[in-house]
Amino acid sequence: MFRIGHGYDVHKLVPGRKLVLGGVEIPYELGLLGHSDADVLTHAVMDALLGAAALPDIGRRFPDKDPRYEGANSMELLADVMGEISRLGYAVSNIDCTIIAERPMLKRYIDRMRESLAVGLSTSTANVNVKATTEEGLGLGENGIGAHAVVILRQQNFVGGVFF
């Protein structure tokens with residue numbers, strides 16, 4: 001059995017914050033504003049996973065009013081989500097992500113993001129795709145960064161107390 005989920009997130013760019021995408025710190029003079037590290041790519045991935053499993057979104061799972069998640073590392077939140085996905089008997093078949101940003105140029109960080117997400121998703125980099133695009137000066141402009149993610153989960157087989 002397969003399940004498909006879609007996730008989307010967007011955050012405003014501001015001075016005085018680190019820019020983290022897919023668990024990778026990107027050198028840039030601006031960072032994303034948010035309660036956690038505001039990693040829009042990882043947030044979109046988590047929402048895609050939760051959607052595929054018909055679970056509440058990250059806003060309900062990790063409320064921004066909860067002080068436990070202030071400054072949280074999104075890769076640690078992803079580990080929590082993956083634990084739930086695994087407990088339900090699912091594994092990532094593949095995931096396709098798109099980052100939407102006018103600046104900075106992200107081309108040289110894509111492979112590191114793929115590797116970071118693959119580790120967080122307990123899958124091979126061959127199952128993780130990350131792309132970056134602009135909106136040609138429309139939409140977010142240089143004020144923020146957004147991300148979309150689509151995931152396919154597969155139901156794992158359960159034999160002798162072990163999923164495979």
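Preceding block: the structure.
What you are looking at is a predicted structure, and each value in this text was computed from that prediction instead of being measured. (Residues numbered from 1 in each chain as written. Predicted model: local features only at pLDDT ≥ 70, side-chain atom pairs only at ≥ 80, totals over all residues. Heavy atoms only, no water.)

A.B. asks: Provide a residue-level description of unusual backbone geometry, including the pertinent values.
C.D. replies: For the peptide bond that leads from Arg 103 to Pro 104, omega is -5°, which places it in the cis range. If you trace the backbone, Pro 104 turns up in the loop between β5 (90–100) and α4 (110–120). Phi angles above zero are rare outside glycine, and Ser 122 is one such case at about 55°. Along the chain, the position of Ser 122 falls in the loop between α4 and β6 (128–133). (Helix = DSSP H or I, 4+ residues; strand = E, 2+ residues; numbered from the N terminus.)

A.B. asks: Talk me through the pattern of salt bridges; I want residue IDs and the actual numbers.
C.D. replies: Applying the stated criterion across every chain, the model contains nine salt bridges. Two residues, Lys 131 and Asp 96, come together in a salt bridge whose shortest N-O distance is 2.6 Å. Of this pair, Lys 131 sits in strand β6 while Asp 96 sits in strand β5; the two residues are 35 residues apart in sequence, bridging distant segments of the chain. Classification of Lys 131 as partly exposed rests on a relative accessible area of 32%. Given a relative accessible area of 32%, Asp 96 falls into the partly exposed group. Where salt bridges share partners, they join Glu 29, Arg 103 and Glu 142 into one cluster. (Salt bridge = Lys/Arg side-chain N within 4 Å of Asp/Glu carboxyl O. Buried < 20%, exposed > 50% of the residue type's maximum accessible area, 1.4 Å probe, protein only.)

A.B. asks: Now, about the packing of aromatic side chains: what can you tell me, with residues and values included?
C.D. replies: One pass over the structure, following the stated rule, counts one aromatic pair. Centre to centre, the rings of Phe 62 and Tyr 69 are 5.2 Å apart; their planes meet at 75°, and the pair counts as edge-to-face. The exposure classification of Phe 62 matches that of Tyr 69, with both residues buried. (Phe/Tyr/Trp six-rings, centres within 6.5 Å; stacked < 30°, edge-to-face > 60°.)

A.B. asks: Account for the environment of Glu 84, with residues named and values stated.
C.D. replies: With respect to the helices and strands, the residue Glu 84 is situated in helix α3 (residues 74–87). Taking relative accessible area as the criterion, Glu 84 reaches 21% and is therefore assigned partly exposed. Apart from the residues lying within four places of it in its own chain, the contact partners of Glu 84 are Leu 55 and Arg 61. (Contact = heavy atoms within 4.5 Å.)

A.B. asks: For the environment of Val 119, give the residues involved together with the corresponding values.
C.D. replies: Looking at the element boundaries, Val 119 is found in helix α4. A C-alpha to C-alpha distance of 22 Å links Val 119 and Leu 55, two positions 64 residues apart in sequence.

A.B. asks: Describe in detail the nonpolar core, supporting the description with residues and values.
C.D. replies: Grouped together as the largest cluster of nonpolar side chains are 49 residues, with contacts concentrated most on Leu 49, Met 113 and Leu 121. Here this core takes nine residues from helix α1 (residues 40–52), the largest share from any one element. Apart from residues no more than four positions distant in its own chain, Met 113 is found in contact with Leu 21, Gly 22, Val 24, Ile 26, Leu 41, Ile 99, Leu 106 and Val 130. (Core = buried A, V, L, I, M, F, W, Y, C linked by side-chain atoms within 4.5 Å.)

A.B. asks: I'd like a description of α4, backed by residues and values.
C.D. replies: Of the residues making up α4, those classed as buried are Ile 110, Met 113, Ser 116, Leu 117, Ala 118 and Gly 120. In this structure, the buried side of α4 is in contact with β2 (19–21), β3 (24–26), α1, α3, β5 and β6. At the exit of α4 stands Ser 122, carrying a positive phi of roughly 55°.

A.B. asks: Please provide a residue-by-residue account of the packing of α1 against α3, values included.
C.D. replies: Where α1 contacts α3, the two axes come as close as 10 Å, and the packing angle between them is 10°. Comparing the axis directions of α1 and α3 gives the class roughly parallel. Residues Thr 42, His 43, Val 45, Met 46, Leu 49 and Leu 50 of α1 form the contact with α3, whose own contacting residues are Ser 74, Met 75, Leu 77, Leu 78, Val 81, Met 82 and Ile 85. Of the residues in the contact of α1 with α3, the class split is ten nonpolar, three polar and no charged. (Axes fitted to C-alpha atoms, helices over the stretch in contact; angles between N-to-C directions. Parallel < 35°, antiparallel > 145°, perpendicular 65-115°, else oblique. Nonpolar A, V, L, I, M, F, W, Y, C, P; charged D, E, K, R; others polar.)

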